[in-house]
Amino acid sequence: MFHIAFVEPKIPPNTGNAIRLAAATGAELHLVGPHSFDLSEPQLRRAGLDYHDLAVVRQHEDLAAAWHAFTGRRVFAFTTKAKTSYADIAYEPGDVLMFGPEPTGLSAQVLADPRVTERVRIPMLAGRRSLNLANAAAIAVYEAWRQYGFAEGR
């Protein structure tokens, strides 16, 4: 299945919503530290409702550890600065959909990393800053999963 990577997430409810997304789609959620909250935080648990036991959530101490875990996988870095639309990618099971922290997004250093297969964007109207992190991840995961025929399995 697909992998969602949240690099240094800052807002617990967004991460809770991503846990629900992972449970609903079979994607694995990777939380790349450091992050500013504990996974037992009430806001995160409330947003994730009872999906925590149904989701695969992996924690990585830092980006170096995450890169190691993603070895051999294609990594799509989502950024408002990209020219390629997320809808123009032919996704494959095992792909990593990487998102940066709220509100800054992925750093220039991460976006320039040679392990990033491609930088992609979700189109929006001009003058808009960005989408909510959990919403952006949902758009991307559902497009990748749709291309895979909504097949079940991990």
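- Going by an unreviewed UniProt entry, the chain carries the name Putative tRNA (cytidine(34)-2'-O)-methyltransferase and comes from Jatrophihabitans telluris.
- In its Function (unreviewed entry) section, the UniProt record describing the chain reads: "Could methylate the ribose at the nucleotide 34 wobble position in tRNA."
- Looking at the chain in UniProt, the text filed under Sequence similarities (unreviewed entry) is "Belongs to the class IV-like SAM-binding methyltransferase superfamily. RNA methyltransferase TrmH family. TrmL subfamily."

**Some points on helix H5 (residues 133-147)**
Piece 1. For H5, spanning 15 residues, the distance from its first C-alpha to its last is 22 Å, which sits close to the expected 21 Å at 1.5 Å a residue.
Piece 2. Those residues of H5 not exposed but buried are Leu133, Ala134, Ala136, Ala137, Ala140, Val141, Glu143, Ala144 and Trp145.
Piece 3. On its buried face, H5 is in contact with strand E1 (3-7), helix H1 (12-25), strand E4 (75-78) and strand E6 (96-99).
Piece 4. Sitting at the amino-terminal end of H5 is Asn132, which places a side-chain oxygen 2.9 Å from the backbone nitrogen of Ala134.
Piece 5. One or two positions beyond H5, positive phi appears at Gly149, with a value near 80°.

**Quick notes on the UniProt feature "binding site: S-adenosyl-L-methionine" (unreviewed entry) in the chain**
Piece 1. The positions that UniProt labels "binding site: S-adenosyl-L-methionine" (unreviewed entry) are, in the present scheme, Gly100, Ile122 and Ser130. Spanning 31 residues, the named residues nonetheless gather at one spot, since no C-alpha pair among them exceeds 13.7 Å.
Piece 2. With respect to the element layout, Gly100 can be found in the loop between E6 and helix H4 (108-112).
Piece 3. For Gly100, a relative accessible area of 10% corresponds to the buried category.
Piece 4. If sequence neighbours within four positions are ignored, Gly100 has contacts with Val7, Gly105, Leu106 and Leu133.
Piece 5. In this structure, Ser130 sits in the loop between strand E7 (118-121) and H5.
Piece 6. Given the relative accessible area of 41%, Ser130 is considered partly exposed.

About the cut-offs
Residues numbered from 1 in each chain as written. Predicted model: local features only at pLDDT ≥ 70, side-chain atom pairs only at ≥ 80, totals over all residues. Heavy atoms only, no water. UniProt positions renumbered as here; feature names shortened; annotations may be inferred. Helix = DSSP H or I, 4+ residues; strand = E, 2+ residues; numbered from the N terminus. Expected span 1.5 Å × (residues − 1). Buried < 20%, exposed > 50% of the residue type's maximum accessible area, 1.4 Å probe, protein only. Contact = heavy atoms within 4.5 Å. Polar contact = N/O pair within 3.5 Å; in protein donor to acceptor, adjacent residues only side chain to side chain.

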